[in-house]
Amino acid sequence: MSANPLLPSLSVVIPVYNEQDWIERSVGALLASASAASWPIEVVVVDDGSTDATPSRLDDLRERHGITVLSQANSGRFEARRAGIAKSSGEWVALLDSRVIVDEHTLTFLRDQLVEHPERAVWNGHINVASEHNPYAGFMAGLVKVPWRKYCANPRLMSYGIEEFDVYPKGTTFFCARRGLLEGSVTAFASLFDDIRFASDDTRMLRWIAERERIWLAPELSATYNGRDSFKKFTQQAYFRGTTYVDSYIASPGPARNALFGALAAGVVGLVFAAKKPKTTLAAGVLGAVAAGEVVKKCGATGPEARAVTKLLPVFAGGFGAGVLRGLAMAVRAQLRRR
């Protein structure tokens, strides 16, 4: 931790599960950025029951860099983060995913902001996605450009509150806040589901925080996310995201919930129409996918991201829709049991 009394102390919590190919790169880039900022930081990595070579990679990182490593049975990202936050000691706590590579000058920017503007208590990282040669990651990056177009089409230093929560970038992929805020969001956390591994940990935490402090964004607070890189992983992620989306938004009025209900209605109509006129439905689906690619491009997506949206939208829609149905069923079961 920092010995300079003028510098705020920062802890970075990284949950990891079966990321033997990425965890060394992620921690290495983080430490390089801290070194460039002349800012000693505390790094806490929580191994959430990895079954690959991740534990041995962490042992090596602990030996070489003195990071703190915690291990737990597989309990999901929320529980891993909770354990890491509890173990950390910084005045400020950053959450970082294990596939994220922090840019070299990112922590210099964050350090200066925390020193010069301590009233800016919450920061959401500007995430670039390595999508040029990975259409699966490109699809996800392109898709979010639509709801978050107010920022993505014109990235700049800005902030937003709870009233604009649904329309600006948010997530715990790379996120930093004062310790008290993160601890408060963890304590207040409650899911619609019984199994917390399927809970929308980040959206629920961030909504609680946004009700109390504005969330700041800036392109200088940048990092690169390396997404899943196979068709199987892509479909699994779509299914999982459909489930967590229910937990994120079904109980919160706003554009995101309206979009969910609209998509469900469109899906039902589409299935009925497909049964009657399959060829017409297929043609409409192709045209819709092409149009979606053009829309995301106008909202700030790159060319590869727009092409990925065009190609993969039908696959994602099917997986995501199935995940939503699973999420709705899980929420209903949990509510009935709690009664």
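None of these values were measured; they are calculated from a predicted model. (Residues numbered from 1 in each chain as written. Predicted model: local features only at pLDDT ≥ 70, side-chain atom pairs only at ≥ 80, totals over all residues. Heavy atoms only, no water.)

**Concerning the environment of Glu119**
Under the convention used in this document: Numbering of helices and strands runs from the N terminus, with a helix taken as a DSSP run of H or I at least four residues long and a strand as a DSSP run of E at least two residues long. Only protein chains enter the accessibility calculation, which uses a 1.4 Å probe. A residue is then buried if its area is under 20% of the maximum for its type, exposed if over 50%, and partly exposed in between.
Structurally, the position occupied by Glu119 is in the loop between α4 (106-116) and β6 (122-124). Taking relative accessible area as the criterion, Glu119 reaches 51% and is therefore assigned exposed. As a C-alpha pair, Glu119 and Arg57 span 62 residues in sequence and 38 Å in three-dimensional space.

**Looking at the pattern of salt bridges**
Formally: When a carboxyl oxygen of Asp or Glu is within 4 Å of a side-chain nitrogen of Lys or Arg, the pair counts as a salt bridge.
One pass over the structure, following the stated rule, counts 20 salt bridges. Note that Glu24 is salt-bridged to Arg57, the shortest N-O span being 3.4 Å. A residue pair is termed long-range when its members are at least 10 positions apart, and Glu24 in helix α1 (residues 23-36) and Arg57 in helix α2 (residues 54-65) qualify at 33 residues. By relative accessible area, Glu24 is classed as partly exposed at 31%. Residue Arg197 pairs with Asp195 through a salt bridge whose shortest N-O separation is 2.8 Å. On the basis of relative accessible area, Asp195 is assigned to the partly exposed category, the value being 25%. Where salt bridges share partners, they join Glu24, Arg57, Asp60 and Arg64 into one cluster.

**Here we look at the domain arrangement of the chain**
Definition in use: The split of the chain into domains comes from an automatic or database domain assignment. We call two residues contacting when some pair of their heavy atoms lies within 4.5 Å. By buried area we mean how much accessible surface two parts lose on assembly, using a 1.4 Å probe and totalling the loss over both. Identification of polar contacts relies on pairs of N or O atoms within 3.5 Å, with a donor-acceptor requirement for protein atoms, meaning one able to donate a hydrogen and the other able to accept it, and with residues adjacent in sequence counted only if both atoms are side-chain atoms. When residues are grouped by polarity, Ala, Val, Leu, Ile, Met, Phe, Trp, Tyr, Cys and Pro land in nonpolar, Asp, Glu, Lys and Arg in charged, and all others, Gly among them, in polar.
Here the domain parsing of the chain yields domain 1 (10-230) and domain 2 (233-338). Computed from C-alpha coordinates alone, the two centres of domain 1 and domain 2 are separated by 25 Å. Contacts between the two partners involve 32 residues from domain 1 and, on the opposite side, 38 residues from domain 2. The largest contributions to the domain 1 side of the interface with domain 2 come from Phe139, Leu192 and Phe193, which together make up 22% of the buried area. Counting the contacts that link domain 1 with domain 2 gives five salt bridges. Of the charged contacts in the structure, one is a salt bridge between Asp194 and Arg337, with a shortest N-O distance of 2.9 Å. Inspection of the region where domain 1 meets domain 2 yields 15 residue pairs in polar contact (both at pLDDT 80 or more). Broken down by secondary-structure element, the contributors of at least two residues to the side of domain 1 that touches domain 2 are α5 (135-143), α6 (149-152) and α8 (201-210). Ranked by residue count, the leading element in the side of domain 1 that touches domain 2 is α5, at eight residues. Split into classes, the residues belonging to the side of domain 1 that touches domain 2 amount to 14 nonpolar, seven polar and 11 charged.

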